[in-house]
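What the coordinates show
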Amino acid sequence: MEGDAPVSEQPCPFCEILAGRAPATFVEEWSETIAIVPLNPVVDGHTLVIPKLHVSDFADDPDVTAATARRAAQLCRDLNLVHANLITSRGREATQSVFHLHLHLVPRAEDDGLALPWHSGKGKRR
């Protein structure tokens, strides 16, 4: 599956952070995973959970995905987030813009103004 990732001239921004060549605000770090504040958080507490091993998306390496999701769940509990979304994407058509697996842990609150991205605009099925 790794061969399915788009070829890019630019270095992976998450690999650059992990190598210490790009800045980031770390929330937590484990042996195999990091949690950082994204460049443009959608709400306070929005966090990216990223494996240290470069895999392109959640289907590239299910074991890495499982370990990353486990850390995201642990962080959610540690931060006592009662309401949250855990979101990831695979491929450009699914809104993936950085081709290194990352999970968005997004705290939610009533009337926070965030809409989930899957409003199709198509008529409802009956």
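Residues numbered from 1 in each chain as written. Predicted model: local features only at pLDDT ≥ 70, side-chain atom pairs only at ≥ 80, totals over all residues. Heavy atoms only, no water.

Here's the deal with the pattern of salt bridges
Here the structure, examined in full by the defined rule, presents five salt bridges. The salt bridge involving Glu 16 is made with Arg 21; its shortest N-O contact spans 2.9 Å. For Glu 16, a relative accessible area of 18% translates into the label buried. Here Asp 112 makes a salt bridge to Arg 108, at a shortest N to O gap of 2.7 Å. The class of Asp 112 is partly exposed, set by a relative accessible area of 22%. (Salt bridge = Lys/Arg side-chain N within 4 Å of Asp/Glu carboxyl O. Buried < 20%, exposed > 50% of the residue type's maximum accessible area, 1.4 Å probe, protein only.)

Considering the nonpolar core
Membership of the largest hydrophobic core is limited to eleven residues, which are Trp 30, Ala 35, Val 49, Val 55, Val 64, Ala 72, Leu 75, Cys 76, Leu 101, Leu 103 and Leu 105. Residue assignment for this core shows that the elements contributing at least two residues are α2 (62-78) and β5 (103-107). Among the elements that take part in this core, α2 stands out by supplying four residues, more than any other. Residues contacting Val 49, with those up to four places away along its chain left out, are Thr 33, Ile 34, Ala 35, Thr 68, Arg 71, Ala 72, Leu 75, His 102 and Leu 103. (Core = buried A, V, L, I, M, F, W, Y, C linked by side-chain atoms within 4.5 Å. Helix = DSSP H or I, 4+ residues; strand = E, 2+ residues; numbered from the N terminus. Contact = heavy atoms within 4.5 Å.)

A look at the environment of Trp 30
Tracing the backbone through its elements, the reader meets Trp 30 in the loop between β1 (26-29) and β2 (33-36). Its relative accessible area of 10% is what places Trp 30 among the buried residues. Sequence spacing of Trp 30 and Pro 51 is 21 residues, and the spatial spacing of their C-alpha atoms is 9.4 Å. Non-local contacts of Trp 30, meaning those with residues more than four positions away in its chain, are made with Ala 35, Lys 52, Arg 71, Gln 74 and Leu 75.

Here we look at the pairing of β5
Each regular strand carries side chains that alternate between the two faces of the sheet. Within β5, four of the five residues are buried, which leaves it mostly tucked inside the rest of the structure. The sheet contact formed by strand β3 (residues 47-51) and β5 spans three bridges and is antiparallel. Each residue of the ladder has a partner; that of Thr 47, found in β5, is Leu 105. Judged from the four bridges that link them, strand β4 (residues 84-87) and β5 form a sheet pairing that is antiparallel. (Pairing = 2+ DSSP bridges.)

Notes on the side chain of Ser 89
Structurally, Ser 89 can be placed in the loop between β4 and β5. Residue classification places Ser 89 among the buried positions, given a relative accessible area of 18%. Of note is the side chain of Ser 89, whose polar atom sits 3.1 Å from the side chain of Thr 95. Setting aside residues up to four positions removed in sequence, Ser 89 forms contacts with Asp 57, Phe 58, Ala 94, Thr 95 and Gln 96. (Polar contact = N/O pair within 3.5 Å; in protein donor to acceptor, adjacent residues only side chain to side chain.)

A look at the confidence of the model for the chain
When the pLDDT values of the chain are averaged, the result is 89; 85% of them are 70 or greater. Within the model, pLDDT remains below 50 along residues 1-5, and this stretch shows seven contacts once partners closer than five positions in the same chain are excluded. (pLDDT = per-residue confidence, 0-100.)

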